[in-house]
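Remarks on the overall topology
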Amino acid sequence: MNTVVDVFLIGTLAAVWLSAGLLVDGMPAAVTARQLRRRAGLLSALVGAGAAVFAAIPLVAALVPGVSAAPAAALLPGVPALVVLTATLRRLGWVRRGAGAFAAAPLTPVPPALRAAAAHPLLSAPLQITGVAALVGLPIAAGLVDVPGGAATGMLGVAVTVIVVIVAGIGIRAALRHSRLAPLVLAPIGRRDRERAPAGAR
């Protein structure tokens, strides 16, 4: 297969998932419920587009004569993409429905619980890791990385190490961000509120 086709397929895959990773990073910063709902809807559309590109890669590889490197390049991002489709989409649906509950008052500020849910690591990290993994697949699609052997093995080891460091950084950043927002959910329940509560309510 023409290398240009492989690069185009994996480049499109990387562009879609990187866009989703950037968008999910800004979701907790939404000011109003309407803005959060709009971002959640756009993010759902990007995930759907990313899944469609995944499905198109083997189809195009089967239709076009020759050997394609695109399916092999798509294997790496395929693993975190499965997490997105099984766990992230469900959490994204919760956030979208939560923001949709304020449809009658769309300019309502985002509640702390909804903001913390939008920053959950299972929502942000898989999307961002999928984008990074798809970007790493570009050298494979371009034919710059062959079957490991000799010097290529050393290059592959360095690449894997860099990927692991990036993935760990994304996961740690997402966990810290969520842990910073989660306590705000209980912030209104202060000591004075507990003292004012009727004895029968305890």
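These numbers come from a predicted model, not from an experiment.

Within the element layout of this structure, R39 appears in helix α2 (residues 33–63). By relative accessible area, R39 is classed as partly exposed at 22%. Separated by 12 residues in sequence, R39 and M27 have C-alpha atoms that sit 6.6 Å apart. Among residues more than four places away in sequence, those in contact with R39 are L23, G26, M27, A29 and A30.

Let's shift gears to the packing of α2 against helix α3 (residues 70–100). α3 packs onto α2 with a crossing angle of 155 degrees between their chain directions and a minimal axis gap of 9 Å. As summarised for this structure, α2 and α3 are arranged roughly antiparallel, according to the angle between their axes. The chirality of how α2 crosses α3 is left-handed. For the contact of α2 with α3, a count of residues per class yields 20 nonpolar, four polar and two charged.

Bringing the nonpolar core into the picture now. Grouped together as the largest cluster of nonpolar side chains are 34 residues, with contacts concentrated most on L13, M27 and L36. Put simply, the parts of the chain that give this core at least two residues each are α1 (3–25), α2, α3, α4 (112–118) and α5 (121–141). Take this core: its biggest share by element is nine residues, from α1. Aside from chain neighbours lying at most four places away, what touches M27 is L36, R39, A40, L43, L92, V95 and A118.

Criteria and cut-off values
- Residues numbered from 1 in each chain as written.
- Predicted model: local features only at pLDDT ≥ 70, side-chain atom pairs only at ≥ 80, totals over all residues.
- Heavy atoms only, no water.
- Helix = DSSP H or I, 4+ residues; strand = E, 2+ residues; numbered from the N terminus.
- Buried < 20%, exposed > 50% of the residue type's maximum accessible area, 1.4 Å probe, protein only.
- Contact = heavy atoms within 4.5 Å.
- Axes fitted to C-alpha atoms, helices over the stretch in contact; angles between N-to-C directions.
- Parallel < 35°, antiparallel > 145°, perpendicular 65-115°, else oblique.
- Left-handed = near helix turned anticlockwise from the far one by under 90°.
- Nonpolar A, V, L, I, M, F, W, Y, C, P; charged D, E, K, R; others polar.
- Core = buried A, V, L, I, M, F, W, Y, C linked by side-chain atoms within 4.5 Å.

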